Amino acid sequence: MNVDTNVYEKAAELIKKSKKTIVLTGAGISTESGIPDFRSPGTGLWEKMDPMEALSTRVLYNDPIKFYNNGFKILLSMKDARPNKAHYILAQMEDEGLISGIITQNIDNLHQKAGSHRIFEVHGQTRTGSCMNCGTKVSIDVLNDKIEKREIPPICDKCNGILRPDVVMFGDPMPEDFEKAWHEASNSDLMIVIGSSLTVSPVNFLPGLVKHLIIINKTRTPEDNRADVVIRCSASEALSNIITYLNKEEK
Ligand code: NAD
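Residues numbered from 1 in each chain as written. Predicted model: local features only at pLDDT ≥ 70, side-chain atom pairs only at ≥ 80, totals over all residues. Heavy atoms only, no water.

Student: Before we go on, may I ask you to explain the nonpolar core in this structure?
Tutor: One broad rule of soluble globular proteins: the nonpolar side chains tend to lie buried together. With 30 residues, the main nonpolar core has I15, L90, M93, I194, I214, I216 and I231 as its most contacted residues. Examining the composition of this core, we find that seven residues originate from one element, helix α10 (residues 235–250), more than from any other. Contacts of L90, omitting those with residues within four sequence positions, involve V23, T25, I29, I99, I102, H111, S116, I194 and L239. Residues L45, L55, M78 and I107 belong to the second largest nonpolar core, which totals 24 residues. (Core = buried A, V, L, I, M, F, W, Y, C linked by side-chain atoms within 4.5 Å. Buried < 20%, exposed > 50% of the residue type's maximum accessible area, 1.4 Å probe, protein only. Helix = DSSP H or I, 4+ residues; strand = E, 2+ residues; numbered from the N terminus. Contact = heavy atoms within 4.5 Å.)

The structure is reproduced here in C-alpha cells:
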C-alpha cells in the first residue's frame, strides 16, 4: 500500500504531545495473527456466515446445539493464536508510558499474551466461561471438554446451572469493562484506533469522546473525516513506522 510517510511523523508528534493516549483495537489488529476479522473483503467471517446470528444470545439460549457447532468453534479457533508485531509494539508503548492502556473489542487474548497490562475487554474474552446461575468460573478448556462429551448445554458441577462462554454475544448487555473504557476515553487527549471498522455499537461511540484521533485501518471508517491522521495500511507496518519516528524525535 502506498502511504504518505508524513502521516507517521504527524502521528508521532501527536503521541509525543498528548498527556494521555488510549488505544482502541478491533479484529483487524489480529488478522496478521491468522484470525479472520468480520468485514475484510474475501477473508472476513461475514462472507461465510452471519456472525450476528452465530454469536447471538438468541442462538446460545434457544438453539445451544447450533451455537456449540458454529459460534463456539469461532471462539475456540482463536485459542492457540500468537500475538503479532503490532500487539508487541503496543505492549512496549505501554511500558514506555506512551499509551495508558488498550480498549479492545477483541476476544482473542492476544494483548495479554503480548505483555500488555491495562486492557479493557469490552466484548469479553475466550479464556473462561461462567455459570449463569451461581457465577462460578471455569476455564474455556473445561467448557470445551464438556462440549466434546456432547454435554450440551454444558452444566455447572457446583449447582447444575448452565455454563456459557464469557464473551459478549450480540444481544448481551455491555460488561463493566465498557464503563471503565468510557471513563478512560473521556479522560484521554488522544485515541489511536487500530483495525476496527467502527461499525459495532456502542464501542464506535468511544472515538467521539476524545479530542484527537489517529486511525490505522486498511479500509475507510466512519470517523476518518474527523481524525487528525488516517493511516491506511497494516497495523504492524503503521506502528513500526510510528515507532521509528518517535525514536528519531528523541535524538
Ligand atoms: P471488523 O471486522 O468490523 O473490522 C476490521 C477492520 O480492520 C476492517 O475495516 C479491515 O479493513 C481492517 N483490517 C483488517 N486487517 C487489518 C490489518 N492487518 N491492519 C489494519 N487494518 C486491518 O472488526 P471490529 O471493528 O473489531 O468489529 C467486529 C467485531 O468482531 C468486534 O466486536 C470483535 O469483538 C469481533 N471479532 C473479534 C475477533 C478477534 O478477537 N480477533 C475476530 C473477529 C471478530
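Student: Where do I start with the site of the ligand in this structure?
Tutor: Near the ligand you find 29 residues, and of these R39, Q105, H123, S197 and T219 are the closest. In this structure, Q105 approaches the ligand through a main-chain N or O atom, which is 2.3 Å from an oxygen atom. One of the backbone N or O atoms of G195 is found 3.4 Å from an oxygen atom in the ligand. Isolated, the ligand exposes 860 Å² of accessible area, and the fraction of that covered by the protein chains is 97%. (Near = heavy atom within 4 Å. Polar contact = N/O pair within 3.5 Å; in protein donor to acceptor, adjacent residues only side chain to side chain. Areas by Shrake-Rupley, 256 points an atom, 1.4 Å probe, with all protein chains shown as cover.)

Student: Hey, could you run me through helix α9 (residues 176–186) in this one?
Tutor: One full turn of an α-helix is made of 3.6 residues, so residues set three or four places apart face in the same direction. The complete set of buried residues in α9 reads D177, F178, A181, E184 and A185. Around the axis of α9, the buried residues are gathered within 120° of arc, so they sit on the same side. For α9, the exposed residues lying more than 90 degrees away from the buried face are E176, E179 and H183. Residues of α9 that are buried make contact with β1 (21–25), β2 (101–104), β3 (119–121) and β7 (190–194). (Arc of directions from axis to C-beta.)

Student: When you look at helix α8 (residues 140–148) in this model, what are you seeing that I'm missing?
Tutor: Within α8, the full set of buried residues consists of I140, L143, N144, K146 and I147. Around the axis of α8, the buried residues are gathered within 160° of arc, so they sit on the same side. Those residues of α8 that are buried lie in contact with α4 (64–69), α5 (71–76), β4 (124–131), β5 (137–139) and β6 (163–167). A positive backbone phi angle near 60° is found at R150, which sits one or two residues after α8.

Student: When you look at the pattern of salt bridges in this model, what are you seeing that I'm missing?
Tutor: Pairs can form between side chains of opposite charge whenever their charged atoms are close. Within this structure, the stated rule accounts for 13 salt bridges. A salt bridge links D141 to K79, with the nearest nitrogen and oxygen atoms 3.0 Å apart. Pair noted here: D141 is in helix α8 and K79 is in the loop between α5 and α6 (85–95), with a separation of 62 residues, a long-range link. Between E176 and K180 there is a salt bridge, and its shortest N-O distance comes to 3.9 Å. Linking E176 with K180, this pair stays in helix α9, spanning four residues, or about one helical turn. For E176, a relative accessible area of 57% corresponds to the exposed category. Salt bridges sharing common partners tie together K20, R118 and E184. (Salt bridge = Lys/Arg side-chain N within 4 Å of Asp/Glu carboxyl O.)

Student: Is there a simple way to think about the sheet that holds β2 in this case?
Tutor: Hydrogen bonds between backbone atoms are what pair the strands of a sheet, whose relative direction is either parallel or antiparallel. Spatially, six strands are ordered β3-β2-β1-β7-β8-β9 in an open sheet, and the strand pairing comes out parallel. Two strands in the sheet have a free side with no partner beyond their single neighbour: β3 and β9 (229–231). Within the sheet, the average angular offset between the axes of one strand and its neighbour, ignoring direction, is 15°. Sheet analysis places β7 next to strand β8 (residues 212–216), joined by five bridges and oriented parallel. What sits directly across from I194, in β8, is I216. Packing against the sheet, α9 makes contact with β1, β2, β3 and β7, and its axis sits at approximately 130° to β3. (Pairing = 2+ DSSP bridges. Axes fitted to C-alpha atoms, helices over the stretch in contact; angles between N-to-C directions.)

Student: Mind showing me how you'd approach the pairing of β2 here?
Tutor: Within a regular strand, the side chains alternate between the two sheet faces. Neither face of β2 is open: one carries G101 and I103, the other I102 and T104, and all of them are buried. Inspection of the sheet shows β1 paired to β2 by four bridges, in the parallel sense. Bridge pairing links I22 to G101 in β2. Summarising the sheet, β2 and β3 pair through three bridges and their orientation is parallel. Looking across to β3, one finds that I102 is bridged to I119.

Student: Where do I start with unusual backbone geometry in this structure?
Tutor: A negative phi angle is the norm for most residues apart from glycine, just as the trans form is the norm for most peptide bonds. That bond from I152 to P153 is cis: its omega, 0°, falls within 30 degrees of zero. The topology assignment puts P153 in the loop between α8 and β6. Cis geometry is adopted by the peptide bond preceding P202, which originates at S201 and carries an omega value of 0°. Mapped onto the elements of the fold, P202 is located in the loop between β7 and β8. Despite not being glycine, N160 has its phi angle at roughly 65°, a positive value. Tracing the backbone shows N160 in the loop between α8 and β6. Located in the positive-phi region is L198, a residue other than glycine, with phi close to 50°. Mapping L198 onto the fold places it in the loop between β7 and β8. Overall, L198 belongs to the buried group, its relative accessible area being 4%.

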